Amino acid sequence: MTSAADERSGEASVGDALPGARPSAFYRLENTVQRYDWGSTSAIQDLLGVVPDGRPAAELWMGAHPLAPSRVVPDGGARPGGTSHPGAETASATTLADLVRADPVGVLGQRVLDQYGPRLPYLLKVLAADRALSLQVHPRPHLARAGFNRENREGVARDSPLRSFHDDQHKPEMVVAVSRFEGLSGFRRPARILELLDGLDGALAGRMRDTLRARPTEAGVREAFTLALHARAEPDVAADLALTVASVRARAEREPAVPAPGGRRTSRRADATVLALAEQHPGDPGAVVSLMLNRVTLEPGESMFVPSGHVHAYLSGCAVEIMASSDNVLRAGLTS
């Protein structure tokens, strides 16, 4: 597959036919680049053969999600190395969603149509992060439907920054690393979280520690996590977190590269993650919450599955994601 892009969109070479013409095995699609502030200024640009202009390109969407469906390039339109065809940005441009609606059996196949209805049930993305994405979770199916319907009843606009549910779908996803890819995924064991919180200054860190000592269970982990989320609303949270981050920095400076026999396991990597996140998002409890989550590194070609309901955050690197066709992201921190 070859690709190119203008300032907003990337093209993927998958054919030239349009509805009304004889069906083809392939279509050529133009795909939207999402420019979130955490995105890389070079990775997706290099993939698409575009000269970087200093702006971040965070995600390249390939699919039929209503927020940014891939557009079908008509015969004679742009080709790799060129620019978008003139009609690509207009409401009348034919999209992949249009193709599915026009011929659901031909595009999806009967089995997929029977299971998911007349819609493409997945979304493919190229993700490129220079800094951490938000600490987040994707809702399970029943919660996605309930949340989407509730916000619709409340009249929250589909493009409003106050909206949490952009569709009624859950969002399990698998990420496959293209470059070295760093992330946080799922909660650590309670005993290990306590080990990492041990000795840290700050009232919030102390409350989290006390909660886990009283209930060293999955329920206790959730309670400590909730304490951290609610701390965002406390007036003195920034000063309190500064104490915690300072004690993490002090521990990192004295932590031996190899722990002494029988001693506490090293926390150098976990501490380095706290310090990096605190620098990117000062005053955000998510930096301390990172101690509660498994720290993950994927080498190129390695993959990780993130089920719905699973707390995670991607920190840096380039990867391909395959997921349910959803943009439901419930943010818990580390976000602008």
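All values derive from a computational prediction rather than experimental measurement.

S.K.: Talk me through the side chain of Ser-185; I want residue IDs and the actual numbers.
M.R.: Structurally, Ser-185 can be placed in strand β9 (residues 181-187). One polar contact links Ser-185 to His-310, side chain to side chain, over a distance of 3.1 Å.

S.K.: If you had to explain unusual backbone geometry to someone new, which residues and values would you point to?
M.R.: What is expected of a backbone is that most residues other than glycine have negative phi and most peptide bonds are trans. Of note in this structure, Leu-334 is not a glycine but carries a positive phi near 55°. Note on placement: Leu-334 falls in the segment after β13 (330-333).

S.K.: I'd like a description of the pairing of strand β4 (residues 59-62), backed by residues and values.
M.R.: Every second residue of β4 is oriented toward a common face, with Glu-59 and Trp-61 on one face and Leu-60 and Met-62 on the other, all of them buried. Of the pairings in the sheet, the one linking strand β3 (residues 27-34) to β4 comprises two bridges and is antiparallel in character. Counterpart to Gln-34 in the pairing with β4 is Glu-59. Relative to strand β6 (residues 122-129), β4 is paired through four bridges, and the arrangement is antiparallel. Within β6, the residue paired with Trp-61 across the bridge is Lys-125.

S.K.: So what about the pattern of salt bridges? Which residues, and what values?
M.R.: A pair can form between side chains of opposite charge whenever their charged atoms are brought close. Overall, the coordinates contain 16 salt bridges when judged by the stated rule. Across the pair Arg-101 and Asp-98 runs a salt bridge, and its minimum N-O distance is 2.5 Å. Of this pair, Arg-101 and Asp-98 both sit in helix α2 (residues 96-102), separated by three residues, roughly a single helical turn. Judged by relative accessible area, Asp-98 falls into the partly exposed class, the value being 26%. Among the ionic pairs, Glu-151 bridges to Arg-163, the shortest N-O distance being 3.4 Å. Of this pair, Glu-151 sits in helix α5 (residues 141-153) while Arg-163 sits in the loop between α5 and β8 (173-177), placing them twelve residues apart in sequence. Here the residues in one salt-bridge network are Arg-180, Glu-182, Arg-269, Arg-295 and Glu-299, joined through shared partners.

S.K.: Residues and numbers for the packing of helix α6 (residues 190-197) against helix α7 (residues 203-214), please.
M.R.: Remark: α6 packs on α7, axes separated minimally by 10 Å, with the N-to-C direction vectors making an angle of 150°. In this structure, the crossing between α6 and α7 has a hand that is left-handed. Of the residues in α7, those touching α6 at Pro-190, Ile-193, Leu-194 and Leu-197 are Met-208, Arg-209, Leu-212 and Arg-213. Residues of the contact of α6 with α7, tallied by class, amount to six nonpolar, no polar and two charged.

S.K.: Outline the pairing of β8, supporting the account with residue identities and numerical values.
M.R.: Of the two faces of β8, the one holding Glu-173, Val-175 and Ala-177 is buried and the one holding Met-174 and Val-176 is not buried anywhere. Sheet analysis places β8 next to strand β11 (residues 303-306), joined by four bridges and oriented antiparallel. Residue pairing in the sheet places Val-175 in a bridge with Met-304 of β11. The pairing of β8 with strand β12 (residues 312-324) spans five bridges and is classified as antiparallel. Within β12, the position partnered with Ala-177 by the bridge is Ala-319.

S.K.: Give a description of the environment of Phe-187 that names residues and reports values.
M.R.: Take Phe-187: it is sitting in strand β9. On the accessibility criterion, Phe-187 (27% relative accessible area) is partly exposed. Through-space distance from the C-alpha of Phe-187 to that of His-310 is 8.6 Å; in sequence the pair is 123 residues apart. Sequence-distant contacts of Phe-187, defined by excluding residues within four places in its chain, comprise Val-221, Phe-225, Met-292, Leu-293, Asn-294 and Val-311.

S.K.: So, the nonpolar core: which residues are in play, and what are the values?
M.R.: Core analysis: the biggest nonpolar cluster contains 37 residues, and Leu-135, Leu-197 and Met-208 have the highest contact counts within it. Looking at this core, the elements that each hand over two or more residues are α6, α7, α8 (218-230), α9 (237-254), α10 (268-280), α11 (286-289) and β12. Filtering out sequence-adjacent residues up to four positions away, Leu-197 remains in contact with Met-208, Arg-209, Leu-212, Val-288 and Leu-291.

Rules and cut-offs
- Residues numbered from 1 in each chain as written.
- Predicted model: local features only at pLDDT ≥ 70, side-chain atom pairs only at ≥ 80, totals over all residues.
- Heavy atoms only, no water.
- Helix = DSSP H or I, 4+ residues; strand = E, 2+ residues; numbered from the N terminus.
- Polar contact = N/O pair within 3.5 Å; in protein donor to acceptor, adjacent residues only side chain to side chain.
- Buried < 20%, exposed > 50% of the residue type's maximum accessible area, 1.4 Å probe, protein only.
- Pairing = 2+ DSSP bridges.
- Salt bridge = Lys/Arg side-chain N within 4 Å of Asp/Glu carboxyl O.
- Axes fitted to C-alpha atoms, helices over the stretch in contact; angles between N-to-C directions.
- Left-handed = near helix turned anticlockwise from the far one by under 90°.
- Contact = heavy atoms within 4.5 Å.
- Nonpolar A, V, L, I, M, F, W, Y, C, P; charged D, E, K, R; others polar.
- Core = buried A, V, L, I, M, F, W, Y, C linked by side-chain atoms within 4.5 Å.

The analysis is restricted to geometry; functional conclusions fall outside its scope.
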